[in-house]
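Inside the fold
Chain by chain, the residues run as shown.
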Amino acid sequence: MDLNLSEDYIDSSDRYDVSYKVRLEKFEGPLDLLLYLIKKSELDIYDVPIAIITKQYLEYIKLLKELNLEIAGDFLVMASTLIQIKSSMLLPSRYEENPDEEGEDPRAELIRRLVEYSRYKEAALRLNDQKLLGRELFARSFVSKELQSDTLMSSEPLELDLFALIEAFRGILIKTPHESFHEVSAESISIAERINEILSLLQEKELLDFAELFENCADRDYLVATFLAILELCKLRLIRVRQQEQYGSIWIRPAVVETSDRHEQEDKGDSL
Amino acid sequence: MTACRLKSILESLIFISEEPMSLDRLCSILQEYDRDLIRTCILQLQAEYDNPERGIFLAEVAKRYQFRTREENGGYVRRLVKTKTSRFSQSALETLAITAYRQPITRAEIEYLRGVDSGGVIKTLLEKKLIKILGKKDIPGRPLIYGTTRYFLEMFSLRDLKSLPTLREIEDLVVEGTYEQQEELPLEGILQTTTDETSTLTGDKG
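Calculation criteria
Residues numbered from 1 in each chain as written. Chains lettered and ligands numbered in written order. Predicted model: local features only at pLDDT ≥ 70, side-chain atom pairs only at ≥ 80, totals over all residues. Heavy atoms only, no water. Helix = DSSP H or I, 4+ residues; strand = E, 2+ residues; numbered from the N terminus. Buried < 20%, exposed > 50% of the residue type's maximum accessible area, 1.4 Å probe, protein only. Contact = heavy atoms within 4.5 Å. Areas by Shrake-Rupley, 256 points an atom, 1.4 Å probe, with all protein chains shown as cover. Buried area = accessible area lost by both parts, 1.4 Å probe. Salt bridge = Lys/Arg side-chain N within 4 Å of Asp/Glu carboxyl O. Polar contact = N/O pair within 3.5 Å; in protein donor to acceptor, adjacent residues only side chain to side chain. Phe/Tyr/Trp six-rings, centres within 6.5 Å; stacked < 30°, edge-to-face > 60°. Lys NZ or Arg CZ within 6 Å of the ring centre and 35° of its normal. Pairing = 2+ DSSP bridges. Axes fitted to C-alpha atoms, helices over the stretch in contact; angles between N-to-C directions.

**Details of the overall build of chain A**
Per the secondary structure count, chain A includes nine helices and six strands. Residues classed as buried in chain A amount to 35% of the 272 residues present. Long-range contacts, defined as pairs at least 24 residues apart, comprise 60% of the intrachain contacts of chain A with a sequence gap of at least 6. Total accessible area on chain A is roughly 17700 Å²; 52% of this is exposed by carbon and sulfur atoms.

Printed below as a string of structure tokens:
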């Protein structure tokens, strides 16, 4: 049986490798395979010789097994359907005796499905011939803020999740070069010190840019200490970290502990 | 004079619109102009853009208007637009075709026609917003029924479902189907609901 075996080297770099992959023509399903077999043998789809087609179909399944390929359940269901049709055609049936009377050709349903499937298979091909947006044709895609819908442009500052914060920190770390030569005595800074520094900065400015806190220092220890300090302050609920828009600057502001002031604070936050 | 002015206004509106523009939408924006005049002007615009020397043309998709780049320039545009080009697998195309021609259709019916499990491909098509759930079929088990979306028409450059390539006429094979026979496509109805739902979903800007 001709199965359109084609050789495909696994990889062009493995050109000298003797092993090669055998590719079987890909069938979408049992109906696709049957259609192929019918066409291959130039059989009449409306009068499929069930014995021939069953034989070919089963040979194909066998080959798949020999190649250790996984056979989808659908293929096996079809195999049993074919065998069932074949056997019921062997039995003397009412159909054979009086074809005009009740009782239909056992192949009828299968043929109908095959014909119908071939129609849609062709329709699918035609659909693919259409000029596709994003393949042959393109339209402008808009990202300009003016055209964004109101929901996307919400002025509500986003409460940052930890991941976004870490991502921002990672961005800063990447920018900082790895310089670790001639370490005399590292002037280490403790997280507690950094916390105090940030708090005092907040007393002056009310609003701090996340990135600003990391400016003017190339020392990674210092950066890490700063970041941990921010996390610690978050945990202690002493600061609030917010982002106005996606990918925008991250702002740090003092959180107010007193509940009475919270609402006021909330309002301020919204009008940021 | 007004016609010239209107044509220029329409060009601006269609150009700047994020989505394909429907005649209804244009009419509601341009209430001072007559609907027929607007329609005529759009046709004129289309004719003017239908020029191989131009890089864009005014397409009518899903009964809406949108400026699109010319097919011949696709290769060059792809160099600029680094996004993945739309490609469809055979199974996706088959499922889409069946859904388009036979909607509303259940998953079981699609699978019967294709002869293979189609759950995965239906899910992908749903995610890509090419098909959508239209509701539930009033038969035991109340299975979901699917239909194509407006985006499907936009993607495949189709004016409406009627402009789908016609299925090759094949003599009917008499015998009744084992699954409930679908009624012929109520094209207008579907398209209407399709467009309506989509526009509410995307929340027509305005």
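**Regarding the interface of chain B and chain A**
Across the boundary between the two partners, chain B contributes 54 residues, which contact 39 residues of chain A. Of the roughly 4400 Å² buried at the junction of chain B and chain A (both faces included), carbon and sulfur atoms supply 60%. Where chain B touches chain A, the interface holds three salt bridges. The salt bridge involving Glu71(B) is made with Lys131(A); its shortest N-O contact spans 3.4 Å. In this structure, the connection of chain B to chain A is made through 13 residue pairs in polar contact (both at pLDDT 80 or more). Contributions of two or more residues to the side of chain B that touches chain A are made by helix 1 (2-16), strand 3 (64-69), helix 4 (74-80), helix 5 (90-102), helix 6 (107-114) and helix 8 (150-155) of chain B. When residues in the side of chain B that touches chain A are grouped by element, the largest group, nine residues, is from helix 5 of chain B.

**A word on the packing of aromatic side chains**
Here a ring pair, both rings aromatic, is described through the centre-centre distance and the interplanar angle of the planes. Under the counting rule described, the total for this entry stands at four aromatic pairs over all chains. Geometrically, the ring pair formed by Phe88(B) and Phe156(B) is tilted, given 5.3 Å between the ring centres and 35° between the ring planes. In this pair, Phe88(B) is assigned in the loop between helix 4 and helix 5 and Phe156(B) in the loop between helix 8 and helix 9 (187-202), connecting sequence segments 68 residues apart. By way of ring pairs, the aromatic residues Phe88(B), Phe152(B) and Phe156(B) are connected into one cluster. Above the ring of Tyr112(B), the side-chain terminus of Arg113(A) is found at 4.3 Å from the ring centroid.

**Digging into the environment of Leu35(A)**
Relative to the elements of secondary structure, Leu35(A) occurs in helix 1 (residues 30-40). Dropping the residues within four chain positions of it, Leu35(A) is found in contact with Ile45(A), Leu114(A), Tyr117(A), Ser118(A) and Lys121(A).

**With respect to the pattern of salt bridges**
Following the criterion strictly, the structure yields 24 salt bridges over all chains and no others. Between Arg102(B) and Glu116(A) there is a salt bridge; the shortest N-O distance is 2.8 Å. A residue pair is termed interchain when its members come from two chains, as with Arg102(B) in helix 5 and Glu116(A) in helix 5 (residues 108-129). One exposure class covers both Arg102(B) and Glu116(A), and it is buried. Arg150(B) serves as the salt-bridge partner of Glu19(B), at 3.5 Å between the closest nitrogen and oxygen. Of this pair, Glu19(B) sits in the loop between helix 1 and strand 1 (21-22) while Arg150(B) sits in helix 8, placing them 131 residues apart in sequence. Judged by its relative accessible area of 25%, Glu19(B) falls in the partly exposed class. Arg150(B) gets classed as buried once you look at its relative accessible area, which sits at 2%. The network of salt bridges with shared partners includes Glu28(A), Glu94(B) and Arg114(B).

**Topic: the side chain of Ser22(B)**
Residue and element names in this part refer to chain B. For Ser22, the location among the structural elements is in strand 1. Note on Ser22: relative accessible area 13%, which makes it buried. Within the structure, the side chain of Ser22 is placed 3.1 Å from the backbone nitrogen of Arg25, a separation counted as a polar contact. For Ser22, the contacting residues outside a window of four places in its chain are Lys63 and Arg64.

**Considering the sheet that holds strand 2 (residues 56-61) of chain B**
All names here are of chain B. The three strands lie next to each other as 1-3-2, forming an open sheet whose pairing is antiparallel. Each having just a single partner strand, strand 1 and strand 2 make up the two edges of the open sheet. Alignment of strand 1 against strand 3, held across two bridges, turns out to be antiparallel. Opposite Ser22, over in strand 3, you have Arg64 as the bridge partner. Strand contacts of helix 1: strand 1, strand 2 and strand 3, with the helix running at about 75° to strand 3, the strand carrying the most contacts.

**Regarding the pairing of strand 6 (residues 250-254) of chain A**
All names here are of chain A. Here strand 6 lies mainly inside the structure; four of its five residues are buried. Note that strand 5 (residues 239-243) and strand 6 share five bridges and pair antiparallel. Across the sheet, Arg240 pairs through a bridge with Arg253, a residue of strand 6.

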